[in-house]
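So you can see what is in the structure, the chains are spelled out below.
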Amino acid sequence: MTDKLVQALSKVIDPDIKRPITDLGMVSGLSIDAHKVAHATLHLTIASCPAARMLEEESIIALRQVQGVEDVDLKVTVMTPQEREEFILKVKGPAKPNQFDKNSLTRVIAVTSGKGGVGKSSVTVNLAVALATKGLQVGIIDADIFGFSIPSLIGLSKNGRTTSPVKINDLIVAPESHGIKVVSIGMFLGEADSRNTAVSWRGPMLHRTLEQFLRDVWFGDLDVLLLDLPPGTGDVALSVGQLLPQAEVLVVTTPQTSASDVAVRSGILSFTSGQKILGVIENMGSITLEDGTLLDMFGEGGGLEVAQRLSAHPKNIDQNKVDLLGTIPLSIKMRKAGDAGVPVLLTDKGDPASIAIQEIVEKISLKRPSLIGTNLPINLS
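Peer 1: Quick question: what am I supposed to make of the pairing of strand β1 (residues 27-32) here?
Peer 2: It is a general feature of regular strands that their side chains alternate between the two faces of the sheet. Both β1 and strand β2 (residues 37-44) contribute to a ladder of four bridges, which runs antiparallel. Counterpart to Val 27 in the pairing with β2 is Leu 42. The loop that links β1 with its antiparallel partner β2 comprises four residues; one of these, Lys 36, has a positive phi angle of about 65°.

Structure below.
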């Protein structure tokens, strides 16, 4: 009879880990007494578990549905330190210094730009959503430590209050929004309003933060991990080259000539760190006004120029052609959607910016890197 109880509780899914509570060691003491009362103990990971009430209610409902059960006695407790360590091992497996190292099957894409203000973070968020709508599991690391904005763009920060991740010992569970797992330094500042907080760290701190994100934050099994890098060729870009040499790089620029000049430099850094440039995205392109007039707010041709210069650059030793993957036009709807924390791909797929992003994602999918030589995460011995 206890098998039926286990089967019933296996339908209760931990909302953060996305696995049955029976698989995570969160249930014990299953039995049915002579009075047809089902007994069970639910072990929460931490006392302040945000999903406690939901897990308790769903467990009771599941047990009541077992044939022959007339009542339920569910005790709720908190895991012991040893139980918590076993839980973490079940979730993460053996500790690794970098869960997205070169042997990982997760595709890592670093989104970079030469300068700020080109809409790199907005592009990152909308690319993530477009990839997720294709059925992929997607995560974002907001690596722009000083200018973090991903939480607000994806709906994890309202009025400066940012969703905090669940922390279980050293395990940090990445919060999810619109199906995307996200981590950002803005989630760890401990301030009521992150808009009034400035991060001012030197290089070693930036490197350690990125290391911790890659080591301690649990994203689950991802198909694609996007990194929103800070603009330029500073410490974080160098750390990404060191920690994630297999990462592909997307260079974001605007049509403006001065922006494209700087964007080329961020691409050159990718060559020197051995990373492959996936392509160039031109953001804030021309927009067609209601009267049919074409408005080139930032000029034209900057994205193509970046792609051509990177293709012909002396440091592009393999002479791999760098393509302009597409131009995203200026879009009021895209701006408003970002301010509301709901990416434009979810609010208006017919908007010209949405269409351009979807077309870019199709090209990115076709440029998937080869997995030849990658070690599979299985042991055949």
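Having seen the model, we can carry on.
Peer 1: Whenever I open this one, the nonpolar core confuses me. Can you help?
Peer 2: Among soluble globular proteins, nonpolar side chains are generally buried collectively. Membership of the largest hydrophobic core comes to 40 residues, with the highest contact counts inside it found for Ile 141, Phe 219, Leu 227, Leu 244 and Leu 310. Broken down by element, the residue count for this core peaks at five residues, all from helix α8 (residues 257-272). Setting aside anything within four residues of it in sequence, one finds Phe 219 in contact with Gln 99, Phe 100, Gly 139, Ile 140, Ile 141, Ala 174, Lys 181, Val 183, Phe 213 and Leu 225.

Peer 1: Can you help me understand a nonpolar patch on the surface in this one?
Peer 2: The grouping of Leu 289, Leu 295 and Met 297 at the surface amounts to a nonpolar patch, some 250 Å² of accessible area in total. In this structure Leu 289 comes out as partly exposed when scored by relative accessible area, which is 37%.

Peer 1: Please clarify how the packing of aromatic side chains should be interpreted in this entry.
Peer 2: Aromatic ring pairs: the centre-centre distance and the angle between the two ring planes describe each pair. The final tally for this structure, using the stated rule, is two aromatic pairs. Summarising the aromatic geometry, the rings of Phe 188 and Phe 213 are spaced 6.1 Å apart at their centres and angled 35° between planes, so their arrangement reads as tilted. Of this pair, Phe 188 sits in the loop between β11 (180-184) and α6 (203-216) while Phe 213 is found in helix α6, placing the two residues 25 residues apart along the sequence. A relative accessible area of 4% means that Phe 213 is categorised as buried.

Peer 1: Whenever I open this one, the environment of Lys 321 confuses me. Can you help?
Peer 2: Looking at the element boundaries, Lys 321 is found in the loop between α9 (302-311) and β18 (324-329). A polar atom in the side chain of Lys 321 sits 2.6 Å from the side chain of Asp 323.

Peer 1: Just to check I follow, could you spell out the side chain of His 43 for this structure?
Peer 2: Note on placement: His 43 falls in strand β2. Residue classification places His 43 among the buried residues on the basis of a relative accessible area of 9%. In this structure the side chain of His 43 is engaged in a polar contact, spanning 2.6 Å, whose partner is the side chain of Ser 28. Aside from chain neighbours lying at most four places away, what touches His 43 is Gly 25, Met 26, Val 27, Ser 28, Thr 77, Met 79 and Glu 83.

Peer 1: Any chance you could explain helix α2 (residues 52-64) here in plain terms?
Peer 2: Side chains three or four residues apart in an α-helix point the same way, a direct result of the helix having 3.6 residues per turn. Taking 1.5 Å of rise per residue, the 13 residues of α2 would be expected to cover 18 Å, and the 18 Å separating its terminal C-alpha atoms lies within 8% of that figure. Here α2 has its buried residues at Ala 52, Leu 55, Ser 59, Ala 62 and Leu 63. Around the axis of α2, the buried residues are gathered within 100° of arc, so they sit on the same side. The secondary structure elements touched by the buried residues of α2 are α1 (2-9), β2 and β3 (71-78).

Peer 1: Looking at this model, I keep getting lost on the environment of Leu 214. Mind explaining?
Peer 2: Tracing the chain through its elements places Leu 214 in helix α6. By relative accessible area, which is 1% here, Leu 214 ends up buried. Discounting chain neighbours no more than four positions away, the residues touching Leu 214 are Asn 98, Gln 99, Phe 100, Ile 141, Leu 243 and Leu 244.

Peer 1: Teacher, can you tell me more about the sheet that holds strand β14 (residues 248-253) here?
Peer 2: Two modes of strand pairing occur in sheets, parallel and antiparallel, and in both the strands are linked by backbone hydrogen bonds. The strand order β10-β11-β5-β13-β4-β14-β15-β18 describes an open sheet built from eight strands, whose pairing is mixed. Each of the sheet's edge strands pairs with one partner strand only, and the pair in question is β10 (176-177) and β18. By the bridge criterion, five bridges tie strand β4 (residues 107-113) to strand β13 (residues 224-228) in an arrangement that is parallel. Along β13, the bridge assignment pairs Ala 110 with Leu 227.

Peer 1: Help me out: how do you make sense of the side chain of His 207 in this one?
Peer 2: Mapped onto the elements of the fold, His 207 is located in helix α6. In terms of polar contacts, His 207 uses its side chain to reach the side chain of Ser 239, at 2.7 Å. Not counting the four nearest positions on each side in its chain, His 207 is found in contact with Ser 239, Gln 242 and Leu 243.

Peer 1: Is there a simple way to explain the pattern of salt bridges in this structure?
Peer 2: Where charged atoms from two side chains of opposite charge approach closely, those side chains can pair. In the structure shown here, the tally under the stated rule is 14 salt bridges. Between Asp 216 and Arg 215 there is a salt bridge, with the nearest N and O atoms lying 3.0 Å from each other. Note that Asp 339 is salt-bridged to Arg 335, the shortest N-O span being 3.2 Å. Here Arg 335 and Asp 339 lie together in helix α10 (residues 332-340), a separation of four residues that amounts to about one turn. Overall, the relative accessible area of 58% leaves Asp 339 in the exposed class. Sharing partners across several salt bridges, the network here consists of Asp 261, Glu 305 and Arg 309.

Peer 1: Would you explain the sheet that holds β2 in this entry?
Peer 2: Strand order in the open sheet made by the three strands is β1-β2-β3, with mixed pairing throughout. On the outer flanks of this sheet lie β1 and β3, each paired with one strand and no other. Strand after strand, the sheet turns through a mean of 10° between neighbouring axes, direction not considered. The strands touched by α2 are β2 and β3; relative to β3, the strand with the most contacts, the crossing angle is about 150°.

Peer 1: Whenever I open this one, the pairing of β4 confuses me. Can you help?
Peer 2: Burial analysis of β4 places seven of its seven residues in the buried class, the great majority of the element. The two faces of β4 match: Arg 107, Ile 109, Val 111 and Ser 113 on one face and Val 108, Ala 110 and Thr 112 on the other face are all buried.

Peer 1: Looking at this structure, I do not really get the packing of α8 against α9. What am I missing?
Peer 2: Between two packed helices, both the angle of their axes relative to each other and the distance between the axes serve to describe the pair. One way to put it is that α8 packs onto α9 with a least axis distance of 9 Å and a crossing angle of 35°. Relative to α9, α8 is oriented so that their crossing is right-handed. Residues Thr 257, Ser 260, Asp 261, Ala 263, Val 264, Gly 267, Ile 268 and Phe 271 of α8 pack against Gly 302, Glu 305, Val 306, Arg 309 and Leu 310 of α9. The class makeup of the residues in the contact of α8 with α9 is six nonpolar, four polar and three charged.

So, how was this worked out
- Residues numbered from 1 in each chain as written.
- Predicted model: local features only at pLDDT ≥ 70, side-chain atom pairs only at ≥ 80, totals over all residues.
- Heavy atoms only, no water.
- Pairing = 2+ DSSP bridges.
- Helix = DSSP H or I, 4+ residues; strand = E, 2+ residues; numbered from the N terminus.
- Core = buried A, V, L, I, M, F, W, Y, C linked by side-chain atoms within 4.5 Å.
- Buried < 20%, exposed > 50% of the residue type's maximum accessible area, 1.4 Å probe, protein only.
- Contact = heavy atoms within 4.5 Å.
- Patch = residues over 30% accessible without salt bridge, like charges linked within 9 Å, V, L, I, M, F, W, Y side chains within 5 Å.
- Areas by Shrake-Rupley, 256 points an atom, 1.4 Å probe, with all protein chains shown as cover.
- Salt bridge = Lys/Arg side-chain N within 4 Å of Asp/Glu carboxyl O.
- Phe/Tyr/Trp six-rings, centres within 6.5 Å; stacked < 30°, edge-to-face > 60°.
- Polar contact = N/O pair within 3.5 Å; in protein donor to acceptor, adjacent residues only side chain to side chain.
- Expected span 1.5 Å × (residues − 1).
- Arc of directions from axis to C-beta.
- Axes fitted to C-alpha atoms, helices over the stretch in contact; angles between N-to-C directions.
- Left-handed = near helix turned anticlockwise from the far one by under 90°.
- Nonpolar A, V, L, I, M, F, W, Y, C, P; charged D, E, K, R; others polar.

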